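One-letter residues, chain by chain:
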Amino acid sequence: MVSGYPDFHKPIIWTDQIVGVWDQPVWASRQGIQKFFLGDIHVAAGGFDTFIDYIVPSGKTLYITVISFSRFSDEGPLWIRIADVTAGVYIMYTAAYCGHAFSLSTPIVIPGGHRLQVDAGNNGSTDSYLEVSIGGFEI
C-alpha cells in the first residue's frame, strides 16, 4: 500500500455507523428546502403590481440566491422591488429596459415570520407582461 493513503481493503464495521431513514416531512425539518417563485404577470403602462407575497414560516429562514426578470415588449424600462415588509425594509430595487439576472454570492435573508413582497413595475407607455423568477432555499 502507498504510504499516507487509507487502507481501503479494511472491512467496514457496521456497528460504528449511524444510519437513519425518515419520512419526507421529518427529513424536510432537518434540511433546507429549495424555494422558487416563478411566473409572468401583466402590468399596465405606468403601473405596478405585487408579484410575490409570501410569509416565511416561523422557525425557518428564507435565503434568496437568484433573481431574474424580463419583459415581453420592446418599449420602456421595467423594475422590480424586493422588500421585507415586516421589517419595513426595501432590500433591492433594480430597473432595466430588457431585464436582468442576478446570482447573489451573499444571499438576501428573510427571517421566519416576516413577509417577503416583490413588486414589478412598468415605466413604459404600453402594457407589458413581465416574467420574474426568484430562487433560493428555506431552512
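Every chain is numbered on its own, with residues counted from 1 as its sequence reads. Residue-level local features of this predicted model are given only where pLDDT is at least 70; pairs of side-chain atoms are given and counted only at 80 or more, and the full residue set underlies all totals for whole chains, interfaces and linings. Neither water nor hydrogens contribute to the side-chain values; these are computed over all heavy atoms in the structure.

A.B. asks: Looking at this structure, I do not really get the environment of Pro57. What am I missing?
C.D. replies: In DSSP terms, a helix is any run of H or I states spanning at least four residues, a strand is any run of E spanning at least two, and both are numbered starting from the N terminus. Within the secondary structure layout, Pro57 lies in the loop between β2 (48–55) and β3 (61–71). Judged by relative accessible area, Pro57 falls into the partly exposed class, the value being 34%. Considering only alpha carbons, one finds Pro57 and Gly112, 55 residues apart in sequence, at a separation of 5.3 Å. If we skip the residues at most four places from it in the chain, Pro57 touches Gly112, Gly113 and Glu138. The cut-offs for exposure are 20% and 50% of the maximum accessible area for each residue type, with area from a 1.4 Å probe on protein chains only; residues under the lower value are buried, those over the upper are exposed, and the others partly exposed. In what follows, a contact means two residues having at least one pair of non-hydrogen atoms within 4.5 Å.

A.B. asks: How should I be thinking about the nonpolar core in this particular structure?
C.D. replies: Looking at soluble globular proteins, one finds that nonpolar side chains tend to be buried together. Throughout, nonpolar core names a set of buried Ala, Val, Leu, Ile, Met, Phe, Trp, Tyr and Cys residues whose side chains join them through atoms within 4.5 Å. One finds Ile52, Leu62, Ile64, Ile67, Leu116 and Ile134 to be the most contacted residues of the largest nonpolar core, which totals 25 residues. Contributing elements (two or more residues each) for this core: β1 (33–43), β2, β3, β4 (78–84), β5 (89–96), β6 (99–111), β7 (115–122) and β8 (128–138). Here the element with the most residues in this core is β3; it accounts for four residues. Not counting chain neighbours up to four residues away, the residues in contact with Leu62 comprise Lys35, Phe37, Tyr54, Val56, Ile108, Val109, Ile110, Leu116, Phe137 and Glu138.

A.B. asks: Help me understand the packing of aromatic side chains, please; the structure alone is not making it clear to me.
C.D. replies: Two numbers describe a pair of aromatic rings. These are the distance of the centres and the angle of the planes. Working definition: a ring pair exists when centres of Phe, Tyr or Trp rings (six-membered ring for Trp) sit within 6.5 Å. Plane angles under 30 degrees give stacked, over 60 give edge-to-face, the rest tilted. Applying the stated criterion across every chain yields a total of three aromatic pairs. Where Phe48 meets Trp79, the ring centres are 5.9 Å apart and the plane angle is 40 degrees; that geometry is what we call tilted. Residue Phe48 is located in strand β2, and its partner Trp79 is located in strand β4; the two are separated by 31 residues in the primary sequence.

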